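Spelled out from the first residue to the last, the chains are:
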Amino acid sequence: MASPGIEAEQEPLLGDRTPGSREWDIIETEEHYKSRWISIRILYLTMFLSSVGFSIVIMSIWPYLQKIDQTADASFLGWVIASFSLGQMVASPIFGLWSNYRPRKEPLTVSIFISVAANCLYAYVHVPASHNKYYMLVARGLVGFGAGNVAVIRSYIAGATSLQERTSSMANTSACQALGFILGPVFQTCFALIGEKGVTWDTIKLQINMYTAPVLLGAFLGVLNIILILILLREHRVDDSGRQCKNVNFEEASTDEVQVPQGNIDQVAVVATNVLFFVVLFIFALFETIVTPLTMDMYAWTREQAVLYDGVILAALGVEAVIIFMGIKLLSKKIGERAILLGGLIVVWVGFFILLPWGNQFPKIQWEDLHNNSIPNTTFGEIIITLWKSPREDHNEGPTGCPIEQAWCFYTPMIHLAQFLTSAVLIGIGYPSCNVMSYTLYSKILGPKPQGVYMGWLTASGSAARILGPVFISQLYTSWGPRWAFSLVCGIVVLTILLLVAVYKRLVAFSVRHGRIQE
């Protein structure tokens, strides 16, 4: 039997086990128990490294792109940023389908190898005599393609945990992903001490500097990850009660295994959950995008101040998200996943409602007709540039405030700092709650059948949201201002809440729907 000292991630979340219940009859040897959780924790690490692969260079892409190719502009930067999500969107269903019919080691190893190769390519994009920016575009796209293994990771964890363990395991997975996004820029900051010149290994034409050291570290960690997967990862699948199931991924059969329960998946619930997940990521992506231009316009912050203050705010939101992920494991036992998802959406709506401009005080107007990088004039790339503009490039920061080119600056009241910070805290509570509950409910709706393809589509919908969110908010904010932009976001959230209410009773676990387990 499993060890009685069950950790928080394995605590029952849908009720206590009692003699005579189906859960009480689960038989799991100590060896199987340890192997199953070692494999799951290896995939926690893989999720962490996948998110680090995205964020570890996000602060240095723009100066590196300018250094290797002078023809690169803000528009092209937008494509470089978006290429990661595009690659992940394409790869997720492919790796998901692969994992349904073959051992999960195969797609995981191949995907991580692609990421390692892409990181090595990124370290060499300075070598070609021309078209360097396109090599960087391909490198980031391939890193995103490799990150499509998120679908395999989540489908494995969903299949290797019982209903009692599912919510907690999904929360841990999301926490690892959030930690990766938080620590990636921290690693980048440490490597900034190397400087632009760094050292050069002439024999293999390798430059190790502040731009390439992070990706080389990512490649090294990827190799270690592959080794851990090949040595320690084992195929495990259990049904919703926690009993071992036969599956094509299994490497060896066991007499204790049971057949996968039969029954149809509720496709309405599947589609609805994909839509909910898309909206959740769409809203947070646009919030992350608008933070810098909004604060520069409303509070007349300089570029240097915006990078510092907004960086601190986003880092604090990341820490807040990790805390929320941990707290959800306890709260889900009390009120259930659907209630948390609904509550999270309501909190997000309140957060954006608070952001609506009120009062008679207006932002400082930037009268001088000088270039200011605080607004996304035409492209998503121009928003991102503000994150890399170094104050050393221009000791005169130039005019600050709301640019005169934005007509709404003259008649739209300012958003007070207290409003903004309160909104950020609320969105930081609602987003992680909705994120992990979407994944958890989705995996429970799918049941014990292979979830690779379905998880692939869910990951792809999230990638599409991260692409479309910044484009949506940048155009709307520039043309119509925060009042219209955040009003429309509030409207989208209301429609999402209505959708959740409409399908609320259908968002139940596969085994509960088919009467095998009591909710």
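Structure shown above.
My aim in this report is to walk through the structure given alongside it, one point at a time. These numbers come from a predicted model, not from an experiment.

**Digging into the packing of aromatic side chains**
Under the definition given, this model contains 18 aromatic pairs. Aromatic side chains Phe287 and Phe420 sit 6.5 Å apart centroid to centroid with 25 degrees between the ring planes, which places their arrangement in the stacked category. Separated by 133 residues along the polypeptide, Phe287 in helix H9 (residues 267–299) and Phe420 in helix H13 (residues 417–446) bring together distant segments of the chain. The exposure class of Phe287 is buried, given its relative accessible area of 1%. We classify Phe420 as buried; its relative accessible area is 0%.

**Description of the side chain of His32**
Locating His32 in the fold gives a position in helix H1 (residues 30–55). Owing to a relative accessible area of 11%, His32 belongs among the buried residues under this scheme. Not counting chain neighbours up to four residues away, the residues in contact with His32 comprise His236 and Gln244.

**Observations regarding the pattern of salt bridges**
Any two side chains of opposite charge can pair, given that their charged atoms come close. Enumeration according to the criterion identifies five salt bridges in this entry. Between Glu165 and Arg36 there is a salt bridge, with its nearest N and O atoms 2.9 Å apart. With Glu165 in helix H7 (residues 163–191) and Arg36 in helix H1, this residue pair connects regions lying 129 residues apart in the sequence. For the pair shown, Glu165 and Arg36 are each scored as buried. In this structure, Glu106 engages Arg102 in a salt bridge whose closest nitrogen and oxygen atoms are separated by 2.6 Å.

**Observations regarding helix H14 (residues 452–503)**
Its 52 residues place the ends of H14 only 23 Å apart at the C-alpha level, less than the 76 Å of an ideal helix rising 1.5 Å per residue. Roughly 130 degrees is the biggest bend found in H14, and it falls at Gly481, with proline Pro482 one to four residues downstream.

**Here's the deal with the state of the cysteines**
Evaluated as defined, the whole model comprises one disulfide. Bridging Cys402 to Cys409, the disulfide has an S-S length of 1.9 Å. Taking the torsion about the S-S bond as the criterion, the Cys402 to Cys409 disulfide, at about -60 degrees, is left-handed. On the accessibility criterion, Cys409 (1% relative accessible area) is buried.

**Regarding the packing of H9 against helix H11 (residues 337–354)**
The interhelical angle for the contact between H9 and H11, taken along N-to-C directions, is 30 degrees, at an axis separation of 12 Å. By the criterion of interaxial angle, the relationship of H9 to H11 is roughly parallel. You can see that H9 and H11 cross each other, and the crossing is left-handed. Here Leu276, Val280, Ile283, Leu286 and Phe287 of H9 lie close against H11, whose contacting residues are Leu341, Leu345, Val348 and Phe352. For the contact of H9 with H11, the class distribution of residues is nine nonpolar, no polar and no charged.

**Looking at unusual backbone geometry**
Unlike most non-glycine residues, His131 shows phi in positive territory, near 55 degrees. Within the element layout of this structure, His131 appears in the loop between helix H4 (105–123) and helix H5 (132–146). A positive phi angle, close to 55 degrees, is found at Lys205, a residue other than glycine. A residue is classified by how much of its surface remains accessible, and Lys205, at 54% relative accessible area, is exposed.

**Focus on the packing of H9 against H14**
Angle between the axes and distance between the axes are the two parameters that describe a pair of packed helices. Where H9 contacts H14, the two axes come as close as 4 Å, and the packing angle between them is 30 degrees. Of the residues in the contact of H9 with H14, the class split is 34 nonpolar, eight polar and two charged.

Parameters and conventions
- Counting starts from 1 at the beginning of each chain's written sequence and moves along it residue by residue.
- Given that this is a predicted model, residues contribute local features only at a pLDDT of at least 70 and side-chain atom pairs are listed and counted only at 80 or more, while totals for whole chains, interfaces and linings are drawn from all residues.
- Water and hydrogen atoms play no part in the side-chain values, which are based on all heavy atoms of the structure.
- Any two of the Phe, Tyr and Trp rings considered here, Trp counted by its six-membered ring, make a pair once their centres fall within 6.5 Å; the pair's planes then place it as stacked at under 30 degrees, edge-to-face at over 60, or tilted in between.
- Helix numbering and strand numbering both begin at the N terminus, where a helix is a DSSP run of H or I of at least 4 residues and a strand a DSSP run of E of at least 2.
- Type-normalised accessible area, obtained with a 1.4 Å probe on protein chains alone, sets the label of each residue: buried when under 20%, exposed when over 50%, and partly exposed for intermediate values.
- We call two residues contacting when some pair of their heavy atoms lies within 4.5 Å.
- Within this document, salt bridges are pairs made up of a side-chain nitrogen of Lys or Arg and a carboxyl oxygen of Asp or Glu, the two lying within 4 Å of each other.
- Given a helix with a known number of residues, its expected span is that number minus one, times 1.5 Å.
- Fitting one axis to the seven residues ending at a residue and another to the seven starting there, the bend at that residue is the angle between the two axes.
- We call a pair of cysteine sulfur atoms a disulfide when they lie within 2.5 Å.
- Axes here refer to lines fitted to C-alpha atoms; in helices the fit is confined to the stretch in contact. Angles between the N-to-C directions go from 0 to 180 degrees.
- Oblique is the label for any angle not under 35 degrees, not over 145, and not in the 65 to 115 range, which are roughly parallel, roughly antiparallel and roughly perpendicular in turn.
- Handedness of a crossing follows from how the near helix is turned relative to the far one, being left-handed for an anticlockwise turn of less than a right angle and right-handed for a clockwise one.
- Each residue gets one label: Ala, Val, Leu, Ile, Met, Phe, Trp, Tyr, Cys and Pro are nonpolar, Asp, Glu, Lys and Arg are charged, and the others, such as Gly, are polar.

None of the figures reported here should be taken as evidence of function without further support.
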